[in-house]
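# Working through the structure, step by step
What follows is the residue order along each chain.
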Amino acid sequence: MNVYDFTVKAQDGKEVSLEDYRGKVLLIVNTATGCGFTPQYDELQDLYDEHQKDGLEILDFPCNQFGEQAPGDDEEIHSFCTGRFGITFPQFSKIDVNGENAIPLYKWLTDNTTFEGFDKNPMGLMMSQVLKKQDKDYKNNSLVKWNFTKFLINREGEIVARFEPMTSLKKVKAKVEEVL
């Protein structure tokens, strides 16, 4: 099984086969418009601008599961992201990434990666404390922990890396460039 086996919903509700992205390097991200990590849209757009010509696609999946930080409908979220951050990469319909309503793509992503922990910086330590209150076993499962978790997929449709929300975009960029 690989990423090309999945179909997702476009922002307009139409079904999109990820087969359409065969041969591309994909960075799949669950996002939110009202999160402390939302400014990452700027860095993601810069990465996209620099490497789309090389075969990079960033696939944006808004998600309201973490602190209800993506409260709008698909159109409101898209308007915010294009207006405030000028995003041009594909944005899909709002989804669940964890739980019984998680879309199959995210079930596959989390079933085939592990949570590597947060960086030992102040933000990482704060996130650890927040998550410990919600799930005492959070370190030992592969569920998505928060908004802006990223999964890197190679040109063959295989997962090659997972990045937690506070992982430096410089580190993400370096791995993307290695895979490109």
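Described below are features of the structure shown in this document. (Residues numbered from 1 in each chain as written. Predicted model: local features only at pLDDT ≥ 70, side-chain atom pairs only at ≥ 80, totals over all residues. Heavy atoms only, no water.)

### Some words on the overall build of the protein
For clarity, the threshold we go by: A run of DSSP states H or I qualifies as a helix once it reaches four residues; a run of E qualifies as a strand once it reaches two. Both are numbered from the N-terminal end. Here the radius of gyration uses the C-alpha set of atoms, whereas the globule reference equals 2.2 Å times the residue count to the power 0.38. Each residue's exposure class comes from its accessible area (1.4 Å probe, protein chains only) as a fraction of the maximum for that residue type: buried when under 20%, exposed when over 50%, partly exposed otherwise. Note on contacts: a residue pair is in contact if any heavy atoms of the two residues lie within 4.5 Å. What sets the accessible areas is the Shrake-Rupley method with a 1.4 Å probe; for residues, cover comes only from the shown protein chains.
Tallying secondary structure elements over the protein gives five helices and six strands in all. For the protein, the sequential pattern of α-helices and β-strands runs β-β-β-α-β-α-α-α-β-β-α. The C-alpha radius of gyration computed for the protein amounts to 15 Å, which stays within 12% of the reference 16 Å derived for 180 residues, consistent with globular compactness. When its C-alpha atoms are laid out on the principal axes, the protein stretches across 40 × 35 × 30 Å. In the protein, which comprises 180 residues, the proportion classed as buried is 52%. Considering only residue pairs separated by 6 or more positions, the protein has 70% of its internal contacts joining residues 24 or more positions apart. For the protein, the accessible area works out to roughly 8800 Å², and carbon and sulfur atoms hold 47% of it.

### What to know about the nonpolar core
The condition is simple: Residues belong to one nonpolar core when they are buried, are Ala, Val, Leu, Ile, Met, Phe, Trp, Tyr or Cys, and are joined through side-chain atoms within 4.5 Å.
Residues Val3, Leu27, Ile28, Phe61, Leu105 and Tyr106 are the most contacted members of the largest nonpolar core, which totals 58 residues. Ranked by the residues each element gives to this core, the list is headed by strand 3 (residues 25-31), at five residues. Apart from the residues within four sequence positions on either side, leucine 27 is in contact with Leu44, Leu47, Leu56, Glu57, Ile58, Leu59, Lys150, Phe151, Leu152 and Val172.

### Structural notes on the state of the cysteines
Among covalent bonds in proteins, the disulfide is the one between the sulfur atoms of two cysteines. Note the cut-off: Note that a disulfide, as used here, is simply two cysteine sulfur atoms within 2.5 Å.
Scanning the model with the defined rule gives zero disulfides in all. Note on cysteine 63: no disulfide assigned, nearest cysteine sulfur contributed by cysteine 35 at a separation of 11 Å. In this structure cysteine 63 comes out as buried when scored by relative accessible area, which is 0%.

### A word on the side chain of glutamine 91
The criterion, for reference: In the analysis that follows, any N or O atom pair within 3.5 Å is treated as a polar contact, provided that within protein one partner can donate a hydrogen and the other can accept it, and provided that, for residues neighboring in sequence, both atoms belong to side chains.
Along the chain, glutamine 91 turns up in the loop between helix 2 (74-85) and helix 3 (104-111). Reaching out from glutamine 91, the side chain makes a polar contact with the side chain of aspartate 60 at a distance of 2.8 Å. Within the structure, the side chain of glutamine 91 is placed 2.8 Å from the side chain of histidine 78, a separation counted as a polar contact. Ignoring any residue separated from it by four or fewer positions in sequence, one finds glutamine 91 in contact with Gln11, Tyr41, Asp60, Pro62, Ile77, His78 and Cys81.

### Section: the pattern of salt bridges
The line we're drawing: Whenever Lys or Arg places a side-chain nitrogen within 4 Å of a carboxyl oxygen from Asp or Glu, that contact is recorded as a salt bridge.
Enumeration according to the criterion identifies seven salt bridges in this entry. Residue lysine 173 is joined to glutamate 50 by a salt bridge in which the shortest nitrogen-to-oxygen separation is 2.9 Å. Taken together, the residues span a long stretch of sequence, with lysine 173 in helix 5 (residues 169-179) and glutamate 50 in helix 1 (residues 40-51) at a distance of 123 residues. Assessed through its relative accessible area of 28%, lysine 173 is described here as partly exposed. Judged by relative accessible area, glutamate 50 falls into the partly exposed class, the value being 33%. Across the salt bridge formed by glutamate 177 and lysine 173, the nearest N and O atoms sit 3.8 Å from each other. Here the residue glutamate 177 and the residue lysine 173 both occupy positions in helix 5, the gap between them amounting to four residues, near one helical turn. Through salt bridges with shared partners, a single network forms among Glu50, Lys173 and Glu177.

### Quick word on helix 1
Selection rule: Each helix should span, by expectation, one fewer than its residue count multiplied by 1.5 Å. Throughout, the arc means the angular range of directions from the helix axis out to the C-beta atoms.
An ideal rise of 1.5 Å per residue puts 16 Å on 12 residues; helix 1 measures up with 16 Å between its terminal C-alpha atoms. Here helix 1 has its buried residues at Gln40, Tyr41, Leu44, Gln45, Leu47, Tyr48 and His51. Down the axis of helix 1, the buried set is contained in an arc of 160°. They therefore lie on one face. Among the exposed residues of helix 1, those pointing more than 90 degrees away from its buried face are Asp46 and Asp49.

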